[in-house]
Amino acid sequence: MDLETGGVNAPLGRAGNGRSTKGIPVTLKRTDHCGCLRPGDVGRQVVLAGWVQSYRDHGGVVFVDLRDRSGVVQVVFHPEAAAAHALARQLRNEDVVLIRGAVTARGPKAVNPKIPTGWIEVVAEQIEVVNQAEPPPFLPSQPEAVNEDLRLKYRYLDLRRPEMTEALTLRHRVTKLMRDFGDEHGFLEIETPMLYKSTPEGAREFLVPSRLHPGAFYALPQSPQLFKQTLMVAGLDRYLQIARCFRDEDLRADRQPEFTQLDLEMSFVDREDVINLVTELLRRLWKQVLDVELATPFPRLSWRQAMDRFGVDRPDTRFGLELRDVSAAAAQTDCAVFQQALAAGGCVQMIAAPGAAGLTRRQLDQLTESARQLGAKGLAWLKLGGESEAGAMGGPIAKFIPAAVQQELRRLTGASDGDLLLAVADTREIGWRVLGELRSTLARQLNLIPPDRHDFVWIVDFPCLERQAGGRLVARHHPFTAPLDEDLPLLASRPEEARAKAYDIVLNGVEIGGGSIRIHQRQVQARMFALLGISPEEAQRKFGFLLDALRFGAPPHGGIALGLDRLVMLMLKRQSIRDVMAFPKTQSGADLMTEAPSPVEPRQLQELAIGVIAGPKRG
RNA sequence: GGGGGCGUAGCUCAAUUGGUUAGAGCAUCGGAUUGUCGAUCCGAAGGUUGCGGGUUCGAUCCCCGUCGCCCUCGCCA
């Protein structure tokens, strides 16, 4: 090939904007990826393919930063390669090019230590401009953050950014490892239907009209729960799926209408088997993807311990500020709010905020206000030490607390001078809720959360059931969760106290997965439905296929689902699961790139026997 | 459904107490430039201040409505 021709391209005619590159044949074939070249490649002839990230035209020498998925490398055009040089001078951001040249060591003064390829550059001999780009709405290399709605509209530009490429790459490595791990442990990857039966329990469903059955609908699955149990009855023993799930509820930074779970189910196992397997999976993920060695087994808390110590069932164990029940000490005070709460059968709970005795009255008022919004009647506070002498207590209620009880409170909470005690006197549940929330808020405010911690904890022994405001019992996990064997008798007498063979895995205060051992006996399942107020007819209508399956030889089985998006988000320390999904939706469920959801043709509705009551919103 | 924040040039932002011709950096276009890497230098172009209404002599600024995005409570495993 003639090095002087610089390829087959005619001049680009950039200024005239007659910019078609149609009909120009591509003759070069890629040999290497931009970001992978190293000093060891010096001397090699390579062909690179990628996008122009920036160009620096010095009149003579021209530099082009060429980017592909692997990274960026600097390409140099010298005037001696005249044709290539002439084309290079007309390059613009995000043009797509193929470049042939020699990998060359940079001179000592020309090294750029900021990029991995900064010790070498490619001296171009030939360039083919595959496709010219119009000036994009934003540049993938732009240092300032771009509005998220713009990023979502031009997602293909956004995904060119290294952070996004990194996220999708890591996500791929995570799912690949999950599949490999499952394969090693005897799991079969089995797909389950997306067009599914509507079972209006739990989350609101997306409905899909059936053309062949006018007036009837499929639902998109909230999860493959019932199918995976059915697969166990089928004797497939171990099932795994990277499963898409759909829930039509309001969105958050960590919630999308469609999201992904690692869903798995195993036969002839108990709780320990599932916990051990998932612990090993997580240990391996952190080791092989993040190069972090996790200490296993992970700590384990019963649901009740988690609530008593942290006020929530997904405790962030990276910091202290634990709740303490100080009811016994509070009973020995003359404090009216304490006495009233205790008399009403409630309790007094406290947290000790280290070094927070210096909070201003205004800050304390704000805490009190948020406590009220969370349902408390108020928030009592005590400053230890502070303005007065060491060992003293300050605050509006301090004078009602005898010295001996003050000492007892210090002992119970582990607080000392300079700390702040916050107390809620109310029902136990409100105390949990309020102090659990304040605990997180204070930890952030007081900077008590250590970075770079990976605090996993298993939460076990959840209550099976929960009594709703109206007095009705509902399943806390789902109605197929088996009670602990020793708690089976409680179902008849005190059902709220029965604990379940359920487990959640929590990382840094975020629930990343949950599962249970399922009921595999029809009689137990029938009792559970009865407790939940689901009549046999209703149960048969909604879950008949599973009840049938339980009659024909169901093995004991159980499983878990891990939220893949949240898991990857935490691994990458991103603030939103949208940043670890290729094509996420906005808070109102819109896809700004494709403009879904959109109105449809009347003909389509007619075919589906659907009438629309309210029209779509007008922009 | 409720609460809060944001919306100004293609992008990121500024604009004094409501005041005269709405500015800057990047991107774009033209020119210069042989070692840059957020290149540099000279020049140019670029605005329905999300949209609609109101108050005012005068609105980017104040008020009402509306649309969009984000955070959050409710909701949701």
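Please read all numbers here as calculations on a predicted model, not as lab measurements.

> Is there a simple way to think about the packing of aromatic side chains in this case?
For any pair of aromatic rings, geometry is given as the distance between the ring centres together with the angle between the planes. Evaluated as defined, the whole model comprises 10 aromatic pairs. Between the aromatic rings of Y196 and F227, the centroid separation amounts to 5.1 Å while the plane-to-plane angle is 50°, which identifies the pairing as tilted. Highlighted residues: Y196 in the loop between β6 (188-189) and β7 (207-209) and F227 in helix α5 (residues 225-233), separated in sequence by 31 residues. Each ring, one from F480 and one from F543, has its centre 5.2 Å from the other, and the planes form 85°; the classification is edge-to-face. Highlighted residues: F480 in the loop between β19 (473-475) and α13 (490-493) and F543 in helix α15 (residues 536-551), separated in sequence by 63 residues. Both residues of the pair, F480 and F543, count as buried.

> I tried to follow the protein's contact with RNA strand B on my own but got confused; where do I start?
Taken together, 56 residues are adjacent to RNA strand B, and R56, H58, A110, E121 and Q142 come closest. Here the atoms of RNA strand B within 4 Å of the protein split so that 53% fall in sugar or phosphate, with bases taking the remainder. Here a base oxygen of RNA strand B and a side-chain polar atom of Q74 are 2.7 Å apart. The backbone of N147 places a nitrogen or oxygen atom 2.7 Å from a phosphate oxygen of RNA strand B. Elements represented by at least two residues in the surface near RNA strand B include exactly β1 (45-57), β2 (62-68) and α2 (148-153). Of the residues forming the surface near RNA strand B, the biggest block, four residues, is contributed by β1. Residues of the surface near RNA strand B, tallied by class, amount to 17 nonpolar, 17 polar and 22 charged.

> It is not clear to me how the domain arrangement of chain A should be interpreted in this structure. Could you clarify?
When the parts of a complex come together, some accessible area is lost, and that lost area is often used as the size of the interface. Assigned domains within chain A: domain 1 (3-131), domain 2 (164-301 + 455-581) and domain 3 (319-445). Computed from C-alpha coordinates alone, the two centres of domain 2 and domain 3 are separated by 38 Å.

Conventions we followed
Residues numbered from 1 in each chain as written. Chains lettered and ligands numbered in written order. Predicted model: local features only at pLDDT ≥ 70, side-chain atom pairs only at ≥ 80, totals over all residues. Heavy atoms only, no water. Phe/Tyr/Trp six-rings, centres within 6.5 Å; stacked < 30°, edge-to-face > 60°. Helix = DSSP H or I, 4+ residues; strand = E, 2+ residues; numbered from the N terminus. Buried < 20%, exposed > 50% of the residue type's maximum accessible area, 1.4 Å probe, protein only. Near = heavy atom within 4 Å. Polar contact = N/O pair within 3.5 Å; in protein donor to acceptor, adjacent residues only side chain to side chain. Nonpolar A, V, L, I, M, F, W, Y, C, P; charged D, E, K, R; others polar. Domains from an automatic or database assignment.

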